[in-house]
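Examination of the molecular architecture
So you can see what is in the structure, the chains are spelled out below.
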Amino acid sequence: RPFGIIILPLLLVYLFMIALKFKKKKIIYFLTTLFILILIFTYFIIDYLVILLGVPELLLSGDIIWNYNSMKPPYDLSLLSLKNMGALEVVSYIFNYPMYFLNNFLTKLFWFLFRFRPFYSDLHNLFLIVSSIFLYGFSIMSLFNKSRKPEAIYFMLFFIIMMTFTVLLTVVDWDARFSLPLLPFIFLFTSSGIVTTIN
């Protein structure tokens, strides 16, 4: 998955927040212009990738894990034209079938965040769910850490949210490898939450 494309706009937002913090007006104007240009460029890249990766087919077929598990659509979607469907068309179909996509998204979200897989043993899945609850619980506690830097927090949170959303638009992986780029950030939140709780 081309997760790396998320980094560039996020980096600009981070620099923008730093510029706001130190009230650097010229840098703010420059970064705003650059951000708009990169956002337009990023949209066309995403539109191309949506077609290349077959995102509409994945969404409409109800796949959770590609070629393993899928959720049967409650509608007859076979007549829909999927040829060259880009990003805007995907948004259109999400609004046309909101309950179906919400059900699909929530199932993917659970499997992705907790790294749950139906082909793992029950003990393995239990370990993953319990350890994930530990990580996310202390991550939430980190939000009460008064010594945190807001711009760094926002950068990490946006990265986690955007990567998760990318997975939800496509499919959950077989072996939880899509979770790996998120874990360092989650561990940082967790460690901060542990310190906050102890204090």
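Now for a look at the structure at hand. Predicted, not measured: the structure shown is a model, and the values here were computed from it.

**Things to note about empty space enclosed by the protein**
With the rule as written, the count across this model stands at 1 cavity of 30 Å³ or more. Of the pockets and cavities examined, the largest cavity occupies roughly 50 Å³. Residue lining of the largest cavity: F112, L113, R115, Y136, S179, L182, L183 and I186, and that is the complete set. Looking at the lining of the largest cavity, the elements that each hand over two or more residues are α5 (98–113) and α8 (183–198). Taken together, the residues that form the lining of the largest cavity break down as 6 nonpolar, 1 polar and 1 charged.

**With respect to unusual backbone geometry**
Of note in the backbone geometry, R115 takes a positive phi value of approximately 60 degrees without being a glycine. Relative to the elements of secondary structure, R115 occurs in the loop between α5 and α6 (122–141). Here A176, not a glycine, exhibits a phi torsion of approximately 70 degrees, which is positive. Along the polypeptide, A176 turns up in the loop between α7 (150–169) and α8.

**Let's talk about the packing of aromatic side chains**
The full count for this structure, using the stated rule, is 12 aromatic pairs. Taken together, a centroid distance of 6.0 Å and an interplanar angle of 90 degrees make the contact between F114 and Y136 edge-to-face. Residue F114 is found in the loop between α5 and α6, and its partner Y136 is found in helix α6; the two are separated by 22 residues along the sequence. Exposure remark for Y136: the relative accessible area of 23% places this residue in the partly exposed category. Between F119 and Y120, the ring centres sit 5.4 Å apart and the planes meet at 85 degrees, which makes this aromatic pair edge-to-face. Through pairs of rings, three or more aromatic residues link up here, namely F110, W111, F114, F116 and Y136.

**Some words on the layout of surface pockets**
Approximately 320 Å³ is the volume found for the second largest pocket. When residues of the lining of the second largest pocket are traced back to their parent elements, those giving at least two are α5, α6, α7 and α8. The biggest single contributor to the lining of the second largest pocket is α7, with 4 residues. Per-class residue counts for the lining of the second largest pocket are 10 nonpolar, 3 polar and no charged.

**Details of the packing of helix α1 (residues 7–21) against helix α2 (residues 25–52)**
Running from amino to carboxyl end, α1 crosses α2 at an angle of 165 degrees, the nearest separation of the two axes being 9 Å. Between α1 and α2, the angle is such that the two are roughly antiparallel. Once α1 is placed against α2, the crossing between them reads as left-handed. Counted together, L8, P9, L12, V13, L15, F16, A19 and L20 of α1 and I27, I28, L31, T32, L34, F35 and I38 of α2 form the full contact between these two elements. A per-class count over the contact of α1 with α2 returns 14 nonpolar, 1 polar and no charged.

**Some details on the nonpolar core**
Counting 21 residues, the largest nonpolar core has F112, M156, F159, I160, V172 and L182 as its most contacted members. Where this core is concerned, the elements lending two or more residues are β1 (63–65), α5, α7 and α8. Broken down by element, the residue count for this core peaks at 7 residues, all from α7. For V172, the contacting residues outside a window of four places in its chain are I64, I65, W66, K108, W111, F112, R117 and V167.

**Examining a nonpolar patch on the surface**
Taken together, the side chains of I140, M141, L143, F144, Y154, L157, F158, I161 and M162 define a hydrophobic patch exposed on the protein surface, amounting to about 840 Å² of accessible area. Counting only elements with at least two residues in the nonpolar patch, the list comes to α6 and α7. No other element matches the 5 residues that α7 contributes to the nonpolar patch. When its relative accessible area of 31% is taken as the criterion, M141 is described as partly exposed.

**Observations concerning the pattern of salt bridges**
Applying the stated criterion to the full structure yields 2 salt bridges. In this structure, R117 engages D173 in a salt bridge whose closest nitrogen and oxygen atoms are separated by 3.6 Å. A residue pair is termed long-range when its members are at least 10 positions apart, and R117 in the loop between α5 and α6 and D173 in the loop between α7 and α8 qualify at 56 residues. Of the two residues examined, R117 and D173, each falls in the buried class. D175 is the partner of R177 in a salt bridge, and the nearest nitrogen-oxygen pair spans 3.1 Å. Taking relative accessible area as the criterion, R177 reaches 44% and is therefore assigned partly exposed. Relative accessible area serves as the criterion here: at 45%, D175 is assigned to the partly exposed category.

Calculation notes
- Residues numbered from 1 in each chain as written.
- Predicted model: local features only at pLDDT ≥ 70, side-chain atom pairs only at ≥ 80, totals over all residues.
- Heavy atoms only, no water.
- 1 Å grid on protein atoms, 1.4 Å probe; cavity = no way out; pocket = protein on both sides within 12 Å on 5 of 7 lines; lining within 4 Å.
- Points joined across faces, edges and corners; volume = space filled by probe spheres on them.
- Helix = DSSP H or I, 4+ residues; strand = E, 2+ residues; numbered from the N terminus.
- Nonpolar A, V, L, I, M, F, W, Y, C, P; charged D, E, K, R; others polar.
- Phe/Tyr/Trp six-rings, centres within 6.5 Å; stacked < 30°, edge-to-face > 60°.
- Buried < 20%, exposed > 50% of the residue type's maximum accessible area, 1.4 Å probe, protein only.
- Axes fitted to C-alpha atoms, helices over the stretch in contact; angles between N-to-C directions.
- Parallel < 35°, antiparallel > 145°, perpendicular 65-115°, else oblique.
- Left-handed = near helix turned anticlockwise from the far one by under 90°.
- Contact = heavy atoms within 4.5 Å.
- Core = buried A, V, L, I, M, F, W, Y, C linked by side-chain atoms within 4.5 Å.
- Patch = residues over 30% accessible without salt bridge, like charges linked within 9 Å, V, L, I, M, F, W, Y side chains within 5 Å.
- Areas by Shrake-Rupley, 256 points an atom, 1.4 Å probe, with all protein chains shown as cover.
- Salt bridge = Lys/Arg side-chain N within 4 Å of Asp/Glu carboxyl O.

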